[in-house]
Each structure stands twice: as structure tokens, then as C-alpha cells.
Amino acid sequence: MQGIHPADIIKDIKPSDLTGAKVVFINMPLRESAQPTTTPEGPLLMATNLIQNYSVDAGIIDLNAYRPDGKYISHQETFQLIKDHVKFHGEPHVIAFSGMITTLRWQEIIAKMVRKIAPDVFLVSGSGLATELKLGLFNYIPELDAIAHSEGDEVIIKIIYDAKLIKERGIESAITSGKLNPYYLGERNGRHRFMYAGDRPKDLDRLPFSNLEIIKTDVYGNQILQRYLDTPVWGAAANNSSATSFTMKQSTTFVSSRGCPYACAFCYRGAQGERNYGVRSAKNLAEQFKLHIEKYNVDFIGMPDDNFGVDYNRIVELVPLLKPLNIRWGTHTRLDEAAGLRPKSGNPCEYIFENPKRVDLMAEAGCIYIGFGAESASPSVLKAMNKGGFILKNGLTDMQVDGKVYQFPRTMIEGIRNCEYAGIHANCTWIMAYPTETLEDLKMSVAFIKWQEDFYSSCDKSADS
């Protein structure tokens, strides 16, 4: 229900109200061609909070962790895994799906499996897919009882409360009690349906750190967490789109911010907070850094935020907190933030850098990697993507590549240079065949990539990094 924050809905729900409740989060597979690198932050945060603050029996089946012979876990193996998990831990009150929009087919299949294994379980889908499709998801997955859109940290408590009430009283009595309000929609297509509206917790620092031990092993004793720790977050060994000029032995991930205030036309931000940008404090982040260093002996920490670098002041505050930890880390931000360029007052053709540059501060705090969504080096395509206002605001600059002169966005050139001079490896990812893109536009992006290779080579780095 719009306008009601879930914190106001759950404020009177006590741990005793959830005594005996069980929930299983099923994290969907995301990429077949690479090993799993990023622990399921959303389910882990919710499960940790439920266990620590509400004494709920919360578990996670992380289908994204399985890569037998470089392939997805099979449907037959998935069915058996869910069946054996339920048999071992007991039938849950709630089974909750987590996954981006690319996991729709998996969710359709697994919903049918769940109904065979636990016909009466309260089945809900959340995260990016549910946030984007909302009520429309019932048309694709009629087995669902509920959809939970946006951030689920607090509304998951109401979901479990409702499921437990229905289990204990029966659906008709639960409806009559009025306690299923305000998310109960009524009966639709032969099933009672719910639409839960999540929202940003009012203070992200109050959330407990995600307890990675929840995914330490699966029901068969497989070392799930260790697979994540041993697989580099980024780099050639990770086999994803993020090249690096360095390696790591053991790494973990968590997010430091949610959402992104920008509105690039190609991007759906529903999986990580939509356009509602919010950050954890520098102090809170430093505490989690210390925890992971001490507990898991990591030599690298990745923060796969949509946009880490929006809050300049937080970066300033991080320097004295992270510098003594002597830990390497990386994240995502934007090239205009890395460039730190501002037109000089009274002369739009001259520019000054922010002082100090945020990438210099990040490097001082231990940052050695930033992933950038460069997307395109063509001004016309950048405008079509709604990125032109920030990337093109500092004009174009002539650069020679293979004997030919190209006009690249000055912001992109300076962003890459600033990172390299600060000791941060800048990795760019690109979009090809964007609507309106021509072959000449694509050649511009390819030329920029070649410029970046040449630049790295001139800095004694491998061009393929």
C-alpha cells in the first residue's frame, strides 16, 4: 500500500509473535558462464535480521552458488535440493524467491516445484523481478501467494507474520481478524493474493551486518561460502566483464549504498533501491571491513553498489577509518565523479578539478579498483541514454588512436587518467547496439577502448587488463 512505510506496519510485531516461524529464501541463478562471486546480500540481510532480532528460523538455498562443470544446476538437482532442504529443516511458513528480472523463467519453474514439495507454503517473490513487474508477476507465476516490491528488510517481518497467522487460524479466520491488512488484495483466480510494499529502512546503519555463516554449507555439507571466498570478485579468474591488473586470494562483498539518483534510460534500478539514494555511514562501513578482515582473512573487499561515489563527504570520512586497515577494495561509480571536472567560473572552455579529487581520497583509503559503466563514447548515443548531461558537460577533446583523430568526451578521458594516476584500476563496460546507435557510433567506442589499452600500456600495465 502506497504511503505507509513498512516500519509503521511492523512496529507492534514482537519476536514472540513469530515464535516457531520458519522461512527459506531461494536465491536464483544469475550467470552460467562464470563462478559465483557475490554473496546474496538481500536474502542474507533479511535472514540475519530475522534470526538475530526475531528468533525466526531463517535459511537460504543459494542456487546461484552451484556451477557443476561450468553449467547451471539442473532442474532435477534443484528439485531434489529444495526437497531435501525442507525434509531436513522442516516445512517453512514462507518460501521467498529473490532474483532479478532475468530470473523469471527460473522462478516460473521453481514455483511449480515448491507447490509439489510444500503445497501449503506461503510463496512470495521479491527483489528486482517483483519490483519491476509488481502485480503483473501473478500472470507469469500463478502459484505465488504474494509479491513484495522494493526493499524487503522490514516488510519481510509482516510477510512472516501473515503467513504464520494463516497457518494457525486458516485463511478465512485470518481475513476476518483484519490482521492481514493492509497488504491483502482478496481472492484472485482461485488464490488469495497479497502485494507487499517494501521501502528503505529509515537508518541503514541499524541493520545487522549480513551473517555469511548462514550460507556456510548446504543440506549436503557442500562448502557454499568457501566457494564465494575463493572466487575473485573481479578479474580474469572471475570470468566476468571486469578485468583487473591485480589478483586476490580471498574476497568478500557487501553493499555500502542503495539506489542511484541518476536516470540512465537503459537502467532499471529496482534491484538496489530505485532512484532513492541512501548510504551507510563511513563508521558503519569501517566496522564491517574490520569484521571481514578478522573473520575471513580477506585481501580484497568488493562493494558492487550501483554508485558508490555520490556522497563526497562520506569518502572524506572513510580515509582515516580505512587507511589503518591496509585493505584493498573496489567498487562502482561514474566517470564524471572520477573526473571531478568543473567548468571554470566565467570561462566555459577552461576547467578545474575538485580538490582533493574523490578518486585520490578513495585510493588513500585503499581503493584499487573502480568499475565504470562507460556504455558508449559516442556523444549522440550518450544523449540517447540520458548520460549526456553529465558525461558531455565538459565538452570533447581530440585524441589520436592508430593515426586517426577522434573526439572523445573529456570527462571520460580525465576519469580514466585520474584513476590510473591515483593507483586505481579503471574497468569500463560497454553497451553495443543501443537503439539509435550506428556503426560509426560503435567505432567511436571501439576506438576509446583502444585508447585505453594504449594508455595502460604506456603506464606499464598489460593492455588486456
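As shown above, the structure is provided for reference.
The notes below deal with the structure included here. For every chain, the first residue of its written sequence is number 1, and the numbers climb from 1 along that sequence. Since the coordinates come from a predicted model, pLDDT governs what is reported: local features require at least 70, and pairs of side-chain atoms require 80 or more to be given and counted, while whole-chain, interface and lining totals use all residues. In computing side-chain values, all of the structure's heavy atoms are included and hydrogens and water are not.

Focus: the sheet that holds strand β1 (residues 22–27)
Logical step 1: In space, the 7 strands of this open sheet follow the order β2-β1-β3-β4-β5-β7-β6, with mixed pairing throughout. Only two strands of the sheet have a single partner each, and these edge strands are β2 (57–62) and β6 (184–188). On average, adjacent strands in this sheet sit at an angle of 20° to one another, irrespective of strand direction.
Logical step 2: Here, a strand pair is defined by DSSP locating no fewer than two bridges between the strands. Helix and strand definitions here come from DSSP, where helices need a minimum of 4 consecutive H or I residues and strands a minimum of 2 consecutive E residues; each element is numbered from the N-terminal end. Judged from the 5 bridges that link them, strand β3 (residues 94–98) and strand β4 (residues 122–126) form a sheet pairing that is parallel. Fitted lines through C-alpha atoms give the axes, limited to the stretch in contact for helices. The angle between two N-to-C directions lies from 0 to 180 degrees.

Observations regarding the pattern of salt bridges
Logical step 1: Salt bridges are counted wherever a side-chain nitrogen of Lys or Arg sits within 4 Å of a carboxyl oxygen of Asp or Glu. Within this structure, the stated rule accounts for 24 salt bridges.
Logical step 2: A salt bridge links K14 to D17; the nearest nitrogen and oxygen atoms lie 3.8 Å apart.
Logical step 3: With a shortest N-O distance of 3.3 Å, R328 and D299 are connected by a salt bridge. Separated by 29 residues along the polypeptide, R328 in strand β12 (residues 328–333) and D299 in the loop between α10 (282–296) and β11 (300–303) bring together distant segments of the chain.
Logical step 4: Among the charged side chains, a salt-bridge network with shared partners connects E151, D153, R200 and R258.

Side note on the packing of aromatic side chains
Logical step 1: The criterion for an aromatic pair is that two Phe, Tyr or Trp rings (for Trp, the six-membered ring) have centres within 6.5 Å, with stacked assigned to planes under 30 degrees apart, edge-to-face to planes over 60 apart and tilted to the rest. By the definition in use, this model includes 19 aromatic pairs.
Logical step 2: Ring geometry for F122 versus F194: centroids 5.2 Å apart, planes at 70°, classification edge-to-face. Taken together, the residues F122 in strand β4 and F194 in strand β7 (residues 191–197) connect sequence positions 72 residues apart. The same class applies to F122 and to F194, which are both buried.
Logical step 3: Note on W234 and Y369: the rings are 4.5 Å apart at their centroids and 20° apart in plane angle, and the pair reads as stacked. A simple rule labels every residue: compare its accessible area, found with a 1.4 Å probe on the protein chains alone, to the largest value its type can have, and call it buried under 20%, exposed over 50%, or partly exposed in between.

So, the packing of helix α2 (residues 41–54) against helix α7 (residues 155–169)
The relative placement of two packed helices comes down to the angle between their axes together with the axis-to-axis distance.
Logical step 1: Packing of α2 against α7 brings their axes to within 10 Å, and their N-to-C directions diverge by 65°. By the angle between their axes, α2 is roughly perpendicular relative to α7. Classified by chirality, the crossing of α7 by α2 is right-handed. On α7, the residues that touch M46, N49, L50 and Y54 of α2 are I156, I157 and I160.
Logical step 2: Looking at the contact of α2 with α7 residue by residue, the class counts come to 6 nonpolar, 1 polar and no charged. For classification purposes, angles smaller than 35 degrees are called roughly parallel, those larger than 145 roughly antiparallel, those between 65 and 115 roughly perpendicular, and all remaining angles oblique. Left-handed describes a crossing whose near helix is turned anticlockwise from the far helix through less than a right angle; right-handed describes the clockwise counterpart. When checking whether two residues touch, look at their non-hydrogen atoms; a contact exists if any pair is within 4.5 Å. Note that Gly is not counted as nonpolar here; it falls among the polar residues with everything else outside the nonpolar set of Ala, Val, Leu, Ile, Met, Phe, Trp, Tyr, Cys and Pro and the charged set of Asp, Glu, Lys and Arg.

None of this, on its own, says anything about what the molecule does.
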